[in-house]
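An overview of the molecular structure
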Amino acid sequence: MANQYEKLIVQKARLKEQMDREDFKLRQSKYYENRQARKARSRRLIQKGALLEKYFQADNLSVEQTEDLLKIFADYVNAHKPSKFKNDQPKN
């Protein structure tokens, strides 16, 4: 009986180690996915900022000035935005 109990203790320890390894892999995978999403968002924001500076010649404006400029045109742009650029359209 004691021998079987010891085997169960050893098996429990092995299973706990295996669970810890799997938990680590899961956390690592989530971290990697989140990191990739953050990188993609950063890249997209940088590209959009570069386009803003290019087409509005806003490279000499501060962040506050750029925001004020965008506020001036936001209502007009959103009201006249083609339907293919609206949020309710499915993305391809």
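So, a few notes on the structure that sits alongside this text.

Calculation criteria
- Residues numbered from 1 in each chain as written.
- Predicted model: local features only at pLDDT ≥ 70, side-chain atom pairs only at ≥ 80, totals over all residues.
- Heavy atoms only, no water.
- Helix = DSSP H or I, 4+ residues; strand = E, 2+ residues; numbered from the N terminus.
- Expected span 1.5 Å × (residues − 1).
- Phe/Tyr/Trp six-rings, centres within 6.5 Å; stacked < 30°, edge-to-face > 60°.
- Buried < 20%, exposed > 50% of the residue type's maximum accessible area, 1.4 Å probe, protein only.
- 1 Å grid on protein atoms, 1.4 Å probe; cavity = no way out; pocket = protein on both sides within 12 Å on 5 of 7 lines; lining within 4 Å.
- Points joined across faces, edges and corners; volume = space filled by probe spheres on them.
- Nonpolar A, V, L, I, M, F, W, Y, C, P; charged D, E, K, R; others polar.

The next subject is helix α1 (residues 2-56). An ideal rise of 1.5 Å per residue puts 81 Å on 55 residues; α1 measures up with 80 Å between its terminal C-alpha atoms. Within two residues after α1, Q57 carries a phi angle of roughly 45°, on the positive side.

Quick look at the packing of aromatic side chains now. One pass over the structure, following the stated rule, counts one aromatic pair. Look at F56 and F73: their rings are 6.3 Å apart centre to centre, the planes differ by 50°, and that puts the pair in the tilted class. Placement of the pair is F56 in helix α1 and F73 in helix α2 (residues 63-79), with a sequence separation of 17 residues. Assessed through its relative accessible area of 37%, F73 is described here as partly exposed.

What follows deals with the layout of surface pockets. Space inside the largest pocket adds up to approximately 680 Å³. Along the wall of the largest pocket there are 16 residues; nearest its centre are K48, L52, F56, L70 and V77. Contributing elements (two or more residues each) for the lining of the largest pocket: α1 and α2. In terms of residue count, α1 provides more of the lining of the largest pocket than any other element does, seven residues in total. Partitioning the lining of the largest pocket into residue classes produces 12 nonpolar, two polar and two charged.

All quantities given are derived from atomic positions and should not be read as evidence of function.
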